[in-house]
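# Summary of the model geometry
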Amino acid sequence: MNAEKLINSLLDFQCQQPLHTISIKNIEMDHREITTESLFICIKGYTVDGHQFAQAAVDNGASVVVADHELQLSVPVVVVPDTKRALALLANVFFDHPSTHLKVIGVTGTNGKTSVTHMIDEIHRYVSKKTALIGTLQMMIRDQIYPVKNTTPDALFLQKNLNKMVEEDVEVATMEVSSHALDLGRVHGIDFDIAVFTNLSQDHLDYHETMEQYLFAKSLLFSQLGNSLNQRKKKYAIINQDDAHASFLKKVTSQPILTYGITNKANFQATDLELKASGISFNMQTPEGIINISSKLMGMFSVYNILAAAAACFASGIKLTDIQSVLNNTAGVKGRFQPVDHQNEFAVIIDYAHTPDSLENVLVTIRRFCEGKVYVVIGCGGDRDRRKRPLMAGVACQYADHAIFTSDNPRSESPQVIIDDMVEGIEFTNYQVLLDRKAAIKYAIQQAKSGDVVLIAGKGHETYQIVGDQVLDFDDEKVALQFL
Ligand SMILES: CC(=O)N[C@H]1[C@@H](OP(=O)(O)OP(=O)(O)OC[C@H]2O[C@@H](n3ccc(=O)[nH]c3=O)[C@H](O)[C@@H]2O)O[C@H](CO)[C@@H](O)[C@@H]1O[C@H](C)C(=O)N[C@@H](C)C(=O)N[C@H](CCC(=O)O)C(=O)O
Ligand SMILES: Nc1ncnc2c1ncn2[C@@H]1O[C@H](COP(=O)(O)OP(=O)(O)OP(=O)(O)O)[C@@H](O)[C@H]1O
Ligand SMILES: N[C@H](CCC[C@H](N)C(=O)O)C(=O)O
Ligand SMILES: [Mg+2]
């Protein structure tokens, strides 16, 4: 693409050198990825400032550099006020606005994004749509799986891969949209068709500082649900009517809204609800009649996830009977309320609960069917919200008979300091500390008797443990099986 044409799309920039003779074949934000005829964008990160790699990028073949201040280089330097924003806008233009050629469904909220996106994707596949999925577990384009570093990757990765999806004839792309991504502009320029809100509870205050700012970040998905370059796109906001933030989010969007819920009147409402040891069943009231849902998934939170997925797929034009067929048979996602298969007369469940609210939901669900004692193995991630730590410890002690506090991913923090944060100020005494996660899992399993439940929480599908800079092999399920 012609560099002048590309850069002109920014409107707000300064460049002293001519660009019209330069052709751009690639955009890169990492100097190590640069090939000839590339445009390099300098991003100030949390670890390093990409501006320091500008010369190296030129040495590797960059023919234009985008920066937030003048740099002395042998190639044209384009100065913009905000390089992260420029990255999202340029990538969108460079790849010819790929999201306008796809149906894009974005799911945001503190808990349930992975669960809901997987159901939405499964339903679209069932009706023979060609789909893609981006989220915590991976990116999937049709049947190909690709690893991802973030739940919602950076703007360059996103636009590049949305373009790949267009090239591979994908019709529907479903993605998790994290609050970090919204705040950092990773999804700027993505033309969402359907935006789904699951819920909001405390998490990530290390980053957002207050719940108001966290809510504001989440709301950006709904304010971004604007008019499209593609006139045929029909937009919908799908909102959890039972969440305290529903009315705020409704005000943020100007697009049609479909609500879902259990306690408040909603377009998709669960009635006649039964929560059983074998799963859930309810009648789903919808704008086009009632469907019965009977699923192996567990707990009230799964009812919400099912309602959210059903409303999103209804907005996407899928028949209720098809939605019902998939939701009645869905197996759920790895590491989300996943029973470990073994011969003992007690149950072991792996779950990704890593917030106070999700831990409470999962423990309340277990309490409903557990005939014996509930043990929970739980830690908190390092370099993450410190304020959720005592709340998670309190929830664990309140709902379980016995809690074993251990390490999650300590990252750069000391495991003992994380535990100290967890137990500070809690009044419960039904816990013990075993810093080594393997020892904690072993202990919980050895205590369990017939009718008991052991919940191993926090790491779900993760197959690693991040300790300092090291990523060590660790899989809760495999470790549990060693002791079963
Ligand atoms: C805090 C944060 O969000 N960090 C993200 C950020 O990394 P960073 O700021 O450290 O980047 P950096 O290493 O300083 O690099 C800055 C620039 O220099 C460039 N560079 C760097 C080194 C070099 O040799 N050459 C070079 O050109 C880099 O390519 C980059 O352009 O940019 C990276 C690339 O996009 C992200 O992978 C990384 O996410 C890290 C891994 C992370 O843990 N993020 C978390 C907080 C996060 O975003 N989580 C949410 C989920 C939250 C939820 O559960 O809801 C998510 O969406 O994943
Ligand atoms: N709707 C919900 N409400 C509350 N808790 C939920 C809900 N859905 C799932 N959970 C709990 O949260 C955990 C994580 O679920 P899921 O992976 O779907 O969420 P997520 O929003 O994708 O999380 P992340 O922010 O890490 O990507 C589950 O293991 C379960 O314990
Ligand atoms: N997306 C979440 C995942 C947390 C998972 C937990 N195991 C941890 O490491 O804290 C985060 O990055 O905060
Ligand atoms: Mg997720």
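Conventions used here
- Residues numbered from 1 in each chain as written.
- Chains lettered and ligands numbered in written order.
- Predicted model: local features only at pLDDT ≥ 70, side-chain atom pairs only at ≥ 80, totals over all residues.
- UniProt positions renumbered as here; feature names shortened; annotations may be inferred.
- Buried ≥ 20, exposed ≤ 12 C-beta atoms within 10 Å, placed from the backbone.
- Helix = DSSP H or I, 4+ residues; strand = E, 2+ residues; numbered from the N terminus.
- Arc of directions from axis to C-beta.
- Contact = placed C-beta atoms within 7 Å.
- Domains from an automatic or database assignment.
- Nonpolar A, V, L, I, M, F, W, Y, C, P; charged D, E, K, R; others polar.
- Near = placed C-beta within 6 Å.

Under the annotation held in an unreviewed UniProt entry, the protein chain carries the name UDP-N-acetylmuramoyl-L-alanyl-D-glutamate--2,6-diaminopimelate ligase and is attributed to Gracilibacillus boraciitolerans JCM 21714. What UniProt states about the protein chain under its Function (unreviewed entry) heading is, verbatim, "Catalyzes the addition of meso-diaminopimelic acid to the nucleotide precursor UDP-N-acetylmuramoyl-L-alanyl-D-glutamate (UMAG) in the biosynthesis of bacterial cell-wall peptidoglycan."

## A word on helix α15 (residues 437-447)
What α15 keeps buried is the set R437, A440, I441, A444 and I445. Taken end-on, α15 shows its buried residues confined to a sector of 125°, consistent with a single buried face. Against the buried residues of α15 lie β17 (347-351), β18 (374-378), β19 (402-405), β21 (453-457), β22 (464-467) and α16 (476-482).

## Some thoughts on the domain arrangement of the protein chain
Along its sequence, the protein chain is carved into domain 1 (3-94), domain 2 (98-327) and domain 3 (338-483). On a C-alpha basis, the centroid separation for the pair domain 2 and domain 3 is 28 Å. Taken together, the contact between domain 2 and domain 3 spans 15 residues of the former and 16 residues of the latter. The residue makeup of the side of domain 2 that touches domain 3, split by class, is 7 nonpolar, 6 polar and 2 charged.

## Overview of the UniProt feature "binding site: meso-2,6-diaminopimelate" (unreviewed entry) in the protein chain
Per the UniProt entry, the sites bearing "binding site: meso-2,6-diaminopimelate" (unreviewed entry) are R384, D408, N409, P410, R411, G458 and E462 in this numbering. Relative to the elements of secondary structure, R384 occurs in the loop between β18 and α13 (388-399). Exposure remark for R384: the 19 C-beta atoms within 10 Å place this residue in the partly exposed category. Within the fold, N409 resides in the loop between β19 and α14 (415-423). Once you skip the residues sitting within four places of it in the chain, N409 turns out to touch G381, G382, Q465 and I466.

## Topic: the site of ligand 1
Close to ligand 1 lie 20 residues, the nearest being D30, G45, G50, N150 and S178. The class makeup of the residues in the shell around ligand 1 is 6 nonpolar, 10 polar and 4 charged. Counting contributing residues per domain, the shell around ligand 1 is built from domain 1 (3-94) and domain 2 (98-327), each supplying no fewer than three.

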